[in-house]
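Observations on chain architecture
For reference, the chains in residue letters:
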Amino acid sequence: MLGSGNTAAIPDPKEQRGPAAERTKDPIRRLGILDNEDIRAMMQGCSMVKVRSLRWQKSRSLRLLDDGLTVWCETTKSSRKGKSQQTFAVTEVDCVREGCQSDALRRLSGTVPEEQCFTVIFKGSRKSLDLMCPSAQEAQRWVRGIRFLKERVSCMTQKEKLDHWIRGYLKRADENQDGKMTYDEVKRLLQMINIDLNEQHTRCLFKRCDKTCDDRLDHNEIEEFCREIMRRPELDALFRHYSSNGSVLSTAELRDFLGDQGEDASLKNAQNLIFTYEFNDRAQKKLCMTQSGFTTYMLSMENDVFNPDHGQIYQDMTLPLAHYYISSSHNTYLTKDQVTSDSSTEPYIRALNQGCRCVELDCWDGDKGEPAIYHGHTFTSRIPFKEVIETINQYAFKASPYPLILSLENHCSVEQQAVMAKHLRTILGKKLLTEPLSDLPLKELPSPEELRGRILVKGKRNTPHLGQLGKNGSFASFSSSCEDEQASMNKNDPAKQSSSKMSNELSELVVYCKSVSFRGFESVSKLPPDEMSSFSENEALRLIKDSGKLFVRHNSRQLSRIYPSGQRLQSSNFDPQEMWNGGCHMVALNFQTPGEQMDLHQGRFLPNGRCGYILKPRFMCSPTSDFNPENTGGGPGHTPTQLTIRIISAQQLPKINTEKASSIVDPQVVVEIHGVAIDKARKKTHRIDNNGFNPRWDCTLSFQLQVPELALVRFVVEDHDHAVKNDFVGQFTLPFTSLCTGYRHVHLLKADGSSLSPATLFIQVKVSRGGVPVKSVAERIAMAKGKV
């Protein structure tokens, strides 16, 4: 469900009249979507065919539920997992693909009516849903309807999300659907929303709201009950702290608050905020903000812990590629483990929609002269190379306009390499970069801006001195990445060495990302900027530990790609932060595996409009840099900074054990710092028993940072357990340089990186250097660069 808590989200019934008051009873009416013809049809339901293969096609009924954001799908499964996937929320949908574009539907092309088919692709690891409707008109209605709902949700304010969230639960708790609630139904509601009020307090609150004394709460009484349980006393106290009369904030008082927040405290901005968030006409005319308006403002994205200015592209994108971290995926085609899982085009869609700018293609000879992609020498399934390129062509620049790098693991014969080259040219067309941008000698790599909208191929190039001349003018060559690791293990056994011949057609497509074996730091200054190396995680870690400064210098000019150890058969991930500390660019992770490592990846690439390119700190971009990630004291980037985070409260945390109605979480909050070794830290609050609805800690955690420009801050909420490991509830990770000071809300994410709305943390952030408070993000960045 959706939303976040505040008293003002539930309107006072005295202020409502006529039809408006009636609309508030129904959550879907408040969404304002019933005027849409497609939505009304979705609510009526439709009998479709769920498709997995030519033989597996089952009739299924789908219907949009009354909350307007959840789709019910008929299932015959009786397992817990099956039942949990009987519905899906619009917020879980990554995208909708029309026609036969999925792997399963492609195989049926020609045997099913394409115009009647569509595919729902989900965020995270949930399998996509291939559906065939009874008519093309019905298919289009569902495609348009789901897209419309996704757009509507993305535009909802936090206040609207909370309102929808609580009303959805009210409707479910009202067992006989009579619009009134008995005491037992109220207790059921409290269990649903993860709060354990004691019996005496609950009954007292129920009686206080039961104005008609009939042991049932009518519509207006339910509204009052909700306002009581959803009060935010910490926001009320903050309002009173700045308000001289306790009823309104004058413009001057609002400016005082904004100044303490590190925000624009000008008269113009204060007045704009009043006009935007204050709905009381009298207060607006007097240029004041009421408590309700202040609450609405505090719940807006303007008070998110993540700097809203960093939600768009704000960094200089005209510097050489080697000056950026680049979001990168390992074995992108795999859906799960490295040995037996399915290969699919859908992970490419998910990765590209997340802003990933370097995807991997493991290419092998396929049937009928068509190359295939799969994990060689394993039981993973195969997908045609052509289908992957078609998918990449469609989604390459939907999330980011900046260059996409195709990391080719080439195991194909010369003949099928030529087919690969043909597909790359014909499908990608002008997007594919086939020659340098300039005829002048290359002194440094071009910038992301210069390569905007272009697709680059990373791989080996034919060079006479690198290998033995082969058939058709090709040369012996190893592919990079995992094959490099295999080759290094077998270098003393010629019989086991793997080699292949390079097709001239494919070789010619490698521009700016020429894969070469790493030959030590001595020759770095002599290397052309377009040569790059791939390193296993263990090799990269060794170089960082033993020669950190030299590796940073190497990465200031040459691109590097880091890939997981071949022993990670379950697709686990290594710690990417250690590689970023060394200035490595393409730190490739298994995107299909959620966990701390992917949380850090999402946090690192959260700023700059999630475009997949993040500018490295300036002190890491010089070939003469003295930065050493293993010894940062007093050197470049060393800016001692005090970070103090007060964990005040949380709102609307989800239930973990949904099978047990009486189960309530015992939340505690962990704050982690990920950065250079000396900055790594982990501190936690005490636990709160039996309250996931509005737990309050008021716990202050302090951290001393030495290299703040490299630091990530990760907030984790856990359900405390005495006997076993704490259960994960939600998390949010962001760079220290994107952290807003003052009173802020942290919008938590699920394990798969999707929104956990309405769950939030309410915190206060303070940053100081040498005992002097630093409030704005701009000040902190300037401070870190030595400008203040």
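Reading the values: rules and limits
- Residues numbered from 1 in each chain as written.
- Predicted model: local features only at pLDDT ≥ 70, side-chain atom pairs only at ≥ 80, totals over all residues.
- Heavy atoms only, no water.
- Helix = DSSP H or I, 4+ residues; strand = E, 2+ residues; numbered from the N terminus.
- Buried < 20%, exposed > 50% of the residue type's maximum accessible area, 1.4 Å probe, protein only.
- Contact = heavy atoms within 4.5 Å.
- Expected span 1.5 Å × (residues − 1).
- Core = buried A, V, L, I, M, F, W, Y, C linked by side-chain atoms within 4.5 Å.
- Phe/Tyr/Trp six-rings, centres within 6.5 Å; stacked < 30°, edge-to-face > 60°.
- Axes fitted to C-alpha atoms, helices over the stretch in contact; angles between N-to-C directions.
- Parallel < 35°, antiparallel > 145°, perpendicular 65-115°, else oblique.
- Left-handed = near helix turned anticlockwise from the far one by under 90°.
- Nonpolar A, V, L, I, M, F, W, Y, C, P; charged D, E, K, R; others polar.
- Pairing = 2+ DSSP bridges.
- Salt bridge = Lys/Arg side-chain N within 4 Å of Asp/Glu carboxyl O.
- pLDDT = per-residue confidence, 0-100.
- Right-handed = clockwise from strand over helix to strand, strands pointing away.

1. Let's talk about the overall build of the protein
- Looking only at helices and strands, the protein features 24 helices and 34 strands.
- When each of the 788 residues of the protein is scored for burial, the buried share is 56%.
- Looking at the protein alone, contacts between residues at least 24 apart form 69% of all its contacts between residues at least 6 apart.

2. With respect to helix α7 (residues 158-173)
- The end-to-end C-alpha distance of α7, which contains 16 residues, comes to 23 Å, matching closely the 22 Å that a straight helix rising 1.5 Å per residue would cover.
- Counting buried positions over the 16 residues of α7 gives 12, a clear majority of the element.
- Every buried residue of α7 is accounted for by Q158, K161, L162, D163, H164, W165, I166, R167, G168, Y169, L170 and A173.

3. Re the nonpolar core
- Core analysis: the largest hydrophobic core is formed by 63 residues, its most contacted members being L361, I373, F385, I389, I392, L406 and L424.
- Not counting chain neighbours up to four residues away, the residues in contact with I373 comprise Y333, S343, Y348, L361, D362, C363, S381, R382, I383, F385 and V388.
- In terms of nonpolar packing, the next biggest core, distinct from the first, is built from 36 residues, V729, L739, L748 and I763 among them.

4. Focus: the packing of aromatic side chains
- Inspection of the entire model under this criterion finds 17 aromatic pairs.
- Taking the centre distance of 5.7 Å and the plane angle of 55° together, the rings of F239 and F294 count as tilted. Of this pair, F239 sits in helix α11 (residues 233-242) while F294 sits in helix α15 (residues 291-299); the two residues are 55 residues apart in sequence, bridging distant segments of the chain.
- Relative accessible area serves as the criterion here: at 1%, F294 is assigned to the buried category.
- Between the aromatic rings of Y324 and Y613, the centroid separation amounts to 6.1 Å while the plane-to-plane angle is 80°, which identifies the pairing as edge-to-face. In this pair, Y324 sits in strand β12 (residues 324-326) while Y613 sits in strand β25 (residues 613-615), placing the two residues 289 residues apart along the sequence. Of the two residues, Y324 and Y613, neither departs from the other in class, the shared state being buried.
- Counting every residue linked through ring pairs, the aromatic cluster contains F239, Y242, F257 and F294.

5. Quick word on the packing of helix α17 (residues 385-395) against helix α18 (residues 414-428)
- Put simply, α17 and α18 touch, their axes get as near as 10 Å, and they point 25° apart. Between α17 and α18, the interaxial angle falls into the category roughly parallel. As for how α17 packs across α18, the hand of that crossing is right-handed. In this structure, α17 uses F385, K386, I389, E390 and N393 to contact α18, whose residues at the interface are M420, H423, L424, I427 and L428.
- Across the contact of α17 with α18, the residue classes tally to 6 nonpolar, 2 polar and 2 charged.

6. Some thoughts on the sheet that holds strand β1 (residues 46-51)
- With antiparallel pairing, the 7 strands of this open sheet are ordered in space as β4-β3-β2-β1-β7-β6-β5. At either margin of the open sheet sits one strand with a lone partner, and together these are β4 (87-89) and β5 (93-98). Pairwise comparison of adjacent strand axes, ignoring direction, gives a mean angle of 30° for this sheet.
- As paired elements, β1 and strand β2 (residues 57-64) share 6 bridges and run antiparallel to each other. Paired with V49 across the strands is S59, a residue of β2.
- Contacts from helix α6 (residues 136-154) reach β1, β2, β3 (70-73), β5 and β6 (117-122), with the element oriented near 155° to β5.

7. A few points about the pattern of salt bridges
- Evaluated as defined, the whole model comprises 29 salt bridges.
- Across the pair R231 and D236 runs a salt bridge, and its minimum N-O distance is 3.3 Å.
- With a relative accessible area of 38%, R231 lands in the partly exposed category.
- By relative accessible area, which is 6% here, D236 ends up buried.
- Here the salt bridges share partners, and the residues they tie into one network are E596, D599, E672, R682, R714 and E718.

8. What to know about the confidence of the model for the protein
- Overall, the predicted model of the protein reaches an average pLDDT of 87, with 88% of residues at or above 70.
- Every residue in residues 1-25 is under pLDDT 50, and counting partners more than four places away or in other chains gives 79 contacts.
- Across residues 465-499, where pLDDT falls below 50, the model places 67 contacts with residues more than four positions away in sequence or in other chains.

9. Details of the pairing of strand β17 (residues 404-410)
- Most of β17 sits inside the fold, with 7 of its 7 residues counted as buried.
- Along β17, one buried face is formed by L404, L406, L408 and N410 and the opposite face, lined by I405, S407 and E409, is buried too.
- Across 4 bridges, β17 lies against strand β18 (residues 455-459) in parallel orientation. Its bridge partner being in β18, I405 is matched across the sheet by L456.
- Once the chain exits β17 it traverses α18 before rejoining the sheet at β18, and the crossover so formed is right-handed.

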